[in-house]
Amino acid sequence: IMRGKPDYVNMLTGSSVEVCNIANNHMTDFGDWGIEETEKLLDENGLGYCGYGRTFLTEVKGVKLGFVGINYWTTKEDEMRQTISDMREKCDILIVSMHWGNELAEYPTDYQEKWGHIAVDLGADVVIGHHPHVVQGIESYKGVNIVYSLGNFINAQSSRDNVIGAILDVYFDKTTQPDGSVSIAIRDPKLHCVISQYEAGYKNIRVIPYSQYTDELGAAHGEFTLSREYIESMLRSTIDEEFLTLD
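First, a word on scope: everything that follows refers to the structure included in this document. Everything quoted here is computed from the prediction, not taken from an experiment.

Of the regular secondary structure elements, the protein holds six helices and twelve strands. For a compact globule of 247 residues, the expected C-alpha radius of gyration is about 18 Å, and the protein comes in at 18 Å, within 12% of that figure. By residue count, 43% of the 247 residues in the protein fall in the buried class. In the protein, once contacts between residues fewer than 6 apart in sequence are set aside, the share between residues at least 24 apart is 59%. Counting every atom, the protein has about 12,800 Å² of accessible surface; 48% of that belongs to carbon and sulfur. For the protein, the centre of its 20 positive side-chain charges and the centre of its 38 negative side-chain charges are spaced 3 Å apart.

Take a look at the structure:
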């Protein structure tokens, strides 16, 4: 059973986070009360959220962005299909966030691939996965990118692979033709590596971009030695070079 202190929301607002997926396998640890309190806190702090029957729609520079959050273990397939289809009609760009997969698995399961493909078939413009706690690869399916797992962004787990995470960077171009028709192009999807660094006793936890990470930092990691060679080897074993940037 897990929960965080309410003032942890400041980590989100202070880090330019604007939308959260609350659909995860611990969201119901405190029942409906926990979900309601989380939603209230996010509302009070101006953060959008999706998941557990909630979707989020916002507009940026004239482009409507729709967000859908799905927890595989609490969502039936027909419900997932309906939620995605309903949001597809309301937005220009549809982002589907999936909580799925096996913990510590480097590669996606058959059902991840199935649900990812369904989401794309129903109109998702990008699918972003999480839960395995390690980075998995990207599949390009019908021209749409399915990121099976971003790993951990920040954490204090005790395995080397758990502290290696990724940030997805992708551009969406909206073009309106003279006849009024609209097309969306997705370009330059890249995964930027980040490292969760902490000292002995899990103190001073922080996120460091890989471009700034050194072997000296790796030698000083709180639970193990983490070299740049190991990080690059692990990432290249699961992510195609066209999607990986170490800058």
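Once the structure has been displayed, the description carries forward.
Moving on, we get to the pairing of strand E8 (residues 144-147). The alternating pattern of E8 places Val144 and Ile146 on one face and Asn145 and Val147 on the opposite face, and all of these are buried. Judged from the three bridges that link them, strand E6 (residues 126-130) and E8 form a sheet pairing that is parallel. Looking at E8, one finds that Val127 is bridged to Ile146. For strand E7 (residues 138-141) and E8, the ladder comprises four bridges, and the chain directions are antiparallel. Its bridge partner lying in E8, Tyr141 is registered against Val144.

Here we come to the pattern of salt bridges. Under the criterion given, the structure shown has ten salt bridges. Notably, a salt bridge pairs Asp92 with Lys174, separated by 3.2 Å at the nearest N-O pair. Linking Asp92 in the loop between helix H3 (77-88) and strand E5 (93-99) with Lys174 in strand E9 (residues 164-176), this pair joins segments that are 82 residues apart in sequence. Of the charged contacts in the structure, one is a salt bridge between Lys142 and Asp121, with a shortest N-O distance of 2.8 Å. Here Lys142, found in the loop between E7 and E8, pairs with Asp121, found in helix H4 (residues 110-121); they are 21 residues apart in sequence, far enough to count as distant.

Moving on to the packing of aromatic side chains. Counted according to the given criterion, the structure contains six aromatic pairs. Here Tyr72 and Trp73 contribute two aromatic rings whose centre-to-centre distance is 5.8 Å and whose plane-to-plane angle is 85°, an arrangement assigned as edge-to-face. Ring plane angle 20° and centroid distance 3.8 Å describe the contact between Tyr72 and Tyr111, whose orientation is recorded as stacked. Residue Tyr72 is found in the loop between strand E4 (63-71) and H3, and its partner Tyr111 is found in helix H4; the two are separated by 39 residues along the sequence. The exposure class assigned to Tyr111 is buried, which follows from its relative accessible area of 18%. Three or more aromatic residues link up through ring pairs in this structure, and these residues are Tyr72, Trp73, Tyr111 and Trp115. Positioned above the aromatic ring of Phe30 is the side chain of Arg3, whose terminal nitrogen or guanidinium carbon lies 5.0 Å from the ring centre. Taking NZ or CZ as reference, Arg160 lies 3.8 Å from the ring centre of Tyr230, over its face.

On to unusual backbone geometry, then. Of note, Leu104 is a non-glycine position whose phi angle comes to about 70°, a positive value. Residue Leu104 is classed as exposed on the basis of its relative accessible area, which comes to 53%. In this model, His131 sits at a positive phi of 125°, which is unusual for a non-glycine residue. By the element assignment, His131 lies in the loop between E6 and E7.

The next subject is H4. Here H4 contains twelve residues, and its C-alpha end-to-end distance of 16 Å stays within 8% of the 16 Å for a straight helix at 1.5 Å per residue. Each element contacted by the buried residues of H4 is listed here: E4, H3, E5, E6, E7 and E8. Immediately beyond the C-terminal end of H4, within one or two residues, lies Gly123, with a positive phi of roughly 120°.

Criteria and thresholds
- Residues numbered from 1 in each chain as written.
- Predicted model: local features only at pLDDT ≥ 70, side-chain atom pairs only at ≥ 80, totals over all residues.
- Heavy atoms only, no water.
- Helix = DSSP H or I, 4+ residues; strand = E, 2+ residues; numbered from the N terminus.
- Rg over C-alpha atoms; globule rule 2.2 N^0.38 Å.
- Buried < 20%, exposed > 50% of the residue type's maximum accessible area, 1.4 Å probe, protein only.
- Contact = heavy atoms within 4.5 Å.
- Areas by Shrake-Rupley, 256 points an atom, 1.4 Å probe, with all protein chains shown as cover.
- Lys, Arg positive; Asp, Glu negative; His and termini not counted.
- Charge placed at Lys NZ, Arg CZ, Asp CG, Glu CD.
- Pairing = 2+ DSSP bridges.
- Salt bridge = Lys/Arg side-chain N within 4 Å of Asp/Glu carboxyl O.
- Phe/Tyr/Trp six-rings, centres within 6.5 Å; stacked < 30°, edge-to-face > 60°.
- Lys NZ or Arg CZ within 6 Å of the ring centre and 35° of its normal.
- Expected span 1.5 Å × (residues − 1).

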